[in-house]
Amino acid sequence: DLPQTAAPREALMAQAKCLGAPQGLVLLHGVLGVFAWAQGGALYILAALGAFAACALQLTVWHSRRMDAGGSTGLVAGQHMPYAMHTMSEEDRNRDVIMQNC
């Protein structure tokens, strides 16, 4: 996030509150990709592929956060644990972390 974009972002968020949710961003990237693809030019198709990639990444992050049962806040290094880690005992998790660091 760039500080220069804070004011326009707030103005946009005031008008389109759905873009504050991950699903709104997925929809926005998907629609931008479809519109760019419809133009048919080579550069537009490359832009559409970029928009579809952003859509897929945003959808993956949203799905990962939604499926996280541990209540972690995000995918920052060390904060996100896969579902299998939640079913392990604390001792097993500690052993697993030690083995990963060796």
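Rules behind the numbers
Residues numbered from 1 in each chain as written. Predicted model: local features only at pLDDT ≥ 70, side-chain atom pairs only at ≥ 80, totals over all residues. Heavy atoms only, no water. Helix = DSSP H or I, 4+ residues; strand = E, 2+ residues; numbered from the N terminus. Buried < 20%, exposed > 50% of the residue type's maximum accessible area, 1.4 Å probe, protein only. Contact = heavy atoms within 4.5 Å. Areas by Shrake-Rupley, 256 points an atom, 1.4 Å probe, with all protein chains shown as cover. Phe/Tyr/Trp six-rings, centres within 6.5 Å; stacked < 30°, edge-to-face > 60°. Expected span 1.5 Å × (residues − 1). Patch = residues over 30% accessible without salt bridge, like charges linked within 9 Å, V, L, I, M, F, W, Y side chains within 5 Å. Salt bridge = Lys/Arg side-chain N within 4 Å of Asp/Glu carboxyl O. Axes fitted to C-alpha atoms, helices over the stretch in contact; angles between N-to-C directions. Parallel < 35°, antiparallel > 145°, perpendicular 65-115°, else oblique. Left-handed = near helix turned anticlockwise from the far one by under 90°. Nonpolar A, V, L, I, M, F, W, Y, C, P; charged D, E, K, R; others polar.

*Asks:* Could you clarify how one ought to interpret the overall build of the chain in this entry?
*Replies:* Within the chain, the secondary structure is distributed over five helices and zero strands. Seen in sequence order, the chain has helices and strands lined up from the N terminus as α-α-α-α-α. Classification of the 102 residues of the chain by burial places 13% in the buried group. By sequence separation, contacts in the chain at least 24 residues apart represent 20% of the contacts at least 6 residues apart. Entry remark: accessible area of the chain is about 7,800 Å², with carbon and sulfur atoms responsible for 65%.

*Asks:* Quick question: what am I supposed to make of the packing of aromatic side chains here?
*Replies:* Geometry of an aromatic ring pair is reported as the spacing of the ring centres plus the angle between the planes. Counting across every chain of the model gives one aromatic pair. Relative to Phe52, the ring of Trp37 has its centre 6.4 Å away and its plane inclined at 45 degrees; by these criteria the two rings are tilted. Highlighted residues: Trp37 in helix H2 (residues 22-39) and Phe52 in helix H3 (residues 42-67), separated in sequence by 15 residues. The exposure class of Phe52 is partly exposed, given its relative accessible area of 31%.

*Asks:* What am I meant to see in H2 here?
*Replies:* Every α-helical turn comprises 3.6 residues, leaving residues that sit three or four positions apart pointing alike. Taking 1.5 Å of rise per residue, the 18 residues of H2 would be expected to cover 26 Å, and the 26 Å separating its terminal C-alpha atoms lies within 8% of that figure. The set of residues buried in H2 consists of Gly24, Val26, Gly30, Gly33 and Ala36. Of the surrounding elements, those touching the buried residues of H2 are H3. Phi turns positive one or two residues past the end of H2, at Gly40, with a value near 85 degrees.

*Asks:* Which parts of the structure should I look at to understand a nonpolar patch on the surface?
*Replies:* Nonpolar side chains collect at one region of the surface, where Leu27, Val31, Val34, Phe35, Trp37, Leu43, Leu46, Leu49 and Phe52 lie side by side and expose about 920 Å² of accessible area between them. Those elements that place two or more of their residues in the nonpolar patch are H2 and H3. No other element matches H2, which puts five residues into the nonpolar patch. Position of Leu43 relative to the elements: it lies in helix H3.

*Asks:* Hey, could you run me through the packing of H2 against H3 in this one?
*Replies:* Two measures define how a pair of helices packs: the angle their axes make with one another and the distance between the axes. Contact geometry for H2 and H3: axes closest at 8 Å, N-to-C directions at 160 degrees. Taken together, the axes of H2 and H3 lie roughly antiparallel to each other. Both H2 and H3 take part in a crossing whose hand is left-handed. Residues Pro22, Gln23, Leu25, Val26, His29, Gly30, Leu32, Gly33, Val34, Ala36, Trp37 and Gln39 of H2 form the contact with H3, whose own contacting residues are Tyr44, Ile45, Ala48, Leu49, Ala51, Phe52, Ala54, Cys55, Gln58, Leu59 and Trp62. Classifying every residue of the contact of H2 with H3 gives 17 nonpolar, six polar and no charged.

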